[in-house]
Amino acid sequence: MKTWLIKGFEFYVKSSIHLAFSVTCLGGLSLVVSQDKVSENVLIFIFSSALFSYNFIKFSTLFHNSQKDKIPKSILFISLVSFVVALGMLFTFSFIMKGFALIGSILVVLYSISFNGFSNWRNKKGLKIYLVALSWILLTVGIPLASDSFFSISLFLKLSFIQFVYVWVAILPFEIRDVTIDSSHLKTLPQQLGIYKTKILGIIFLVLGASCSLLFFGANNEMLFSTLLIFVLLGMLLYYSDPSNSFYYTAFWVEGIPIVWLGSYFLFLYF
């Protein structure tokens, strides 16, 4: 029984289901902040597209090198199902929602695949952290807000900034974890600044994001309270980040923070 539980947990994390669930929670946060109702189609699309996109990015090199047989068949299956589901949901979306989805899809392709001698954007020095943050915002802020009959540019900018700060800082533990194995030409922040200064910069960004959250949402608002809680939690996980941390420190605990964020929002909303 214990072996099956361990294998199930490993599959849950390594198949990107955990990450897709976390991305969906960020999208759900944008929905509940902007609307009185939650669109199940939007949440299904966010989950499916996130799961497919991250597995596509993760295994694109194997496809490119004709090593598809090295991809676990179970992960390949759920990725293909996710792609079909996301594509089906896309046809029900408005023009603006499709626009956000299209831009996000282009970023995923450019991030993952090299064309005619041009390196993919993942290998461009210093770009990775910004591309990941932008693609998340398109999916977790742009599409949810565009699903409303009235698209609030003001709220879009506010939520985009807060989530950009979150995603930008949340990537730092991953870069710290990989500092010894990442190619030196990537010029990640830990490679350029060192681990200690990277942590200080991340905490400065979190303080800036928390201050802006107070300005955006006011002093007595569940979005402010939940954001402050999550930024403190993220700051703690960043502080204890180290190249010697286990795979699951980042892949499970850091990636799972949005689940706590959405849960804490409802906790502050109703209690």
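Calculation criteria
Each chain carries its own residue numbering, running from 1 in the direction its sequence is written. Under the rules for a predicted model, residues below a pLDDT of 70 receive no local features and side-chain atom pairs below 80 are neither given nor counted, while totals for whole chains, interfaces and linings still include all residues. Heavy atoms throughout the structure, all of them, feed into the side-chain values; hydrogens and water do not. Secondary structure follows DSSP: runs of H or I at least 4 residues long count as helices, runs of E at least 2 residues long count as strands, and numbering of each begins at the N terminus. Atoms counted for the radius of gyration: C-alpha only. Globule rule: 2.2 Å times residue count to the power 0.38. Polar contacts here mean pairs of N or O atoms no more than 3.5 Å apart (in protein, one a potential hydrogen donor and the other a potential acceptor; neighbouring residues in sequence count only if both atoms are side-chain atoms). Note on definitions: a residue-residue contact is assigned when non-hydrogen atoms from the two residues lie within 4.5 Å. Exposure is judged per residue with a 1.4 Å probe applied to protein chains only, and the accessible area is read against the type maximum: over 50% gives exposed, under 20% gives buried, and values in between give partly exposed. For the purpose of charge, His is not counted, nor are the chain termini; Lys and Arg are scored as positive and Asp and Glu as negative. What makes a salt bridge here is a side-chain nitrogen of Lys or Arg within 4 Å of a carboxyl oxygen of Asp or Glu, nothing more. The residues that make up patches have over 30% relative accessible area and no salt bridge, and they are joined within 9 Å when like-charged or within 5 Å when they are Val, Leu, Ile, Met, Phe, Trp or Tyr. Throughout, the Shrake-Rupley method with a 1.4 Å probe supplies accessible areas, and for residues the shown protein chains are the sole cover considered. Each pair of aromatic rings taken from Phe, Tyr and Trp, with Trp reduced to its six-membered ring, is defined by centres within 6.5 Å and is described as stacked if the planes are under 30 degrees apart, edge-to-face if over 60, and tilted in the remaining cases. Over a ring means this: the NZ of a Lys or the CZ of an Arg is within 6 Å of the ring centre and within 35 degrees of the ring normal. Expected helix span is computed as 1.5 Å times (number of residues minus one). Directions pointing from the helix axis toward each C-beta atom define the arc. All axes are obtained by fitting lines to C-alpha atoms, using only the stretch in contact for helices, and the reported angles, taken between N-to-C directions, cover 0 to 180 degrees. Any angle that falls under 35 degrees is termed roughly parallel, while one over 145 is termed roughly antiparallel, one within 65 to 115 roughly perpendicular, and all others oblique. In this scheme, a crossing is called left-handed if the near helix is turned counterclockwise away from the far one by less than a right angle; it is called right-handed if the turn is clockwise. Only Asp, Glu, Lys and Arg are considered charged, only Ala, Val, Leu, Ile, Met, Phe, Trp, Tyr, Cys and Pro nonpolar, and every remaining residue, Gly among them, polar.

**Q** Hey, could you run me through the overall build of the chain in this one?
**A** When its secondary structure is counted, the chain shows twelve helices and zero strands. What you see in the chain, going N to C, is helices and strands ordered as α-α-α-α-α-α-α-α-α-α-α-α. Taking 271 residues into account, the globule formula puts the C-alpha radius of gyration at 18 Å, and the chain, at 18 Å, falls close to it. Taking the principal axes of its C-alpha atoms as reference, the chain extends roughly 55 × 50 × 45 Å.

**Q** Would you mind showing me how to read the side chain of Ser 30 here?
**A** Topologically, Ser 30 is positioned in helix α2 (residues 17–34). Only 3.1 Å separates the side chain of Ser 30 from the side chain of Gln 163, close enough to count as a polar contact. Apart from residues lying up to four places away in sequence, Ser 30 is in contact with Thr 140, Val 141, Pro 144, Leu 145, Leu 159 and Gln 163.

**Q** Could you clarify how one ought to interpret the side chain of Lys 199 in this entry?
**A** Mapped onto the elements, Lys 199 comes out in helix α9 (residues 195–217). No salt bridge forms around the buried Lys 199; measuring N to O, its nearest opposite-charge neighbour Asp 242 is 5.5 Å away. Apart from the residues within four sequence positions on either side, Lys 199 is in contact with Ile 176, Leu 238, Tyr 239, Tyr 240 and Ser 241.

**Q** Where do I start with the environment of Phe 59 in this structure?
**A** On the secondary structure map, Phe 59 appears in helix α3 (residues 40–64). The exposure class assigned to Phe 59 is buried, which follows from its relative accessible area of 12%. For the pair Phe 59 and Ser 112, spaced 53 residues apart in sequence, the C-alpha to C-alpha distance is 9.2 Å. Beyond its immediate chain neighbours, meaning those up to four positions away, Phe 59 contacts Ile 71, Pro 72 and Ile 75.

**Q** I'm lost on the pattern of salt bridges in this one. Help?
**A** Working definition: two side chains of opposite charge can pair if their charged atoms are close together. In the structure shown here, the tally under the stated rule is one salt bridge. One salt bridge in this structure joins Asp 178 and Arg 177, with 3.0 Å as the shortest N-O distance. Like Asp 178, the residue Arg 177 is buried in the burial classification.

**Q** For this particular structure, what's the right way to read a nonpolar patch on the surface?
**A** Taken together, Phe 266, Leu 267, Leu 269, Tyr 270 and Phe 271 make up a surface patch of nonpolar side chains, about 590 Å² in accessible area. If you trace the backbone, Tyr 270 turns up in helix α12 (residues 257–270).

**Q** I keep staring at the environment of Met 236 and nothing clicks. Help me out?
**A** With respect to the helices and strands, the residue Met 236 is situated in helix α10 (residues 222–239). C-alpha separation for the pair Met 236 and Ile 203, spaced 33 residues apart in sequence, amounts to 9.2 Å.

**Q** Please explain the packing of aromatic side chains as it appears in this structure.
**A** Each aromatic ring pair is specified by the distance between its two centres and by the angle formed by the two planes. This model, assessed by the stated rule, comprises 20 aromatic pairs. Ring plane angle 40° and centroid distance 5.2 Å describe the contact between Phe 9 and Tyr 248, whose orientation is recorded as tilted. One end of the pair, Phe 9, is in helix α1 (residues 2–14); the other, Tyr 248, is in helix α11 (residues 247–254), and 239 residues separate them in sequence. Its end group placed over the ring of Trp 4, Lys 7 keeps NZ or CZ at 5.9 Å from the ring centre.

**Q** Would you take a moment to explain helix α5 (residues 95–112) for this structure?
**A** Given 3.6 residues per turn, any residue in an α-helix points the same way as the ones three and four places further on. The first and last C-alpha atoms of α5 sit 26 Å apart over 18 residues, in line with the 26 Å expected at 1.5 Å per residue. Those residues of α5 that fall on the buried side of the exposure criterion are Met 97, Phe 100, Ala 101, Gly 104, Leu 107, Val 108, Tyr 111 and Ser 112. Buried residues of α5, viewed axially, fall in a sector of 120°; they line one side. Along α5, exposed side chains directed more than 90 degrees from the buried face belong to Phe 95 and Leu 102.

**Q** How should I be thinking about the packing of α5 against helix α6 (residues 128–146) in this particular structure?
**A** The interhelical angle for the contact between α5 and α6, taken along N-to-C directions, is 160°, at an axis separation of 9 Å. In terms of their interaxial angle, α5 and α6 are classed as roughly antiparallel. Classified by chirality, the crossing of α6 by α5 is left-handed. In contact with Ile 96, Met 97, Phe 100, Ala 101, Ile 103, Gly 104, Leu 107 and Tyr 111 of α5, α6 contributes Lys 128, Leu 131, Val 132, Leu 134, Ser 135, Leu 138, Gly 142, Ile 143 and Ala 146.

**Q** Looking at this model, I keep getting lost on the packing of helix α7 (residues 153–177) against α10. Mind explaining?
**A** In a pair of packed helices, the angle between the axes and the distance between the axes together describe the arrangement. In contact at an axis separation of 10 Å, α7 and α10 are set at 15° when each is read in the N-to-C sense. With respect to α10, the element α7 is oriented roughly parallel. The hand of the α7/α10 crossing is left-handed. Between α7, through Leu 159, Ile 162, Val 165, Tyr 166, Val 169, Ala 170, Leu 172, Pro 173 and Ile 176, and α10, the contact on the second element is made entirely by Met 223, Thr 227, Ile 230, Phe 231, Leu 234 and Leu 238. When grouped by side-chain class, the residues that make up the contact of α7 with α10 number 14 nonpolar, one polar and no charged.

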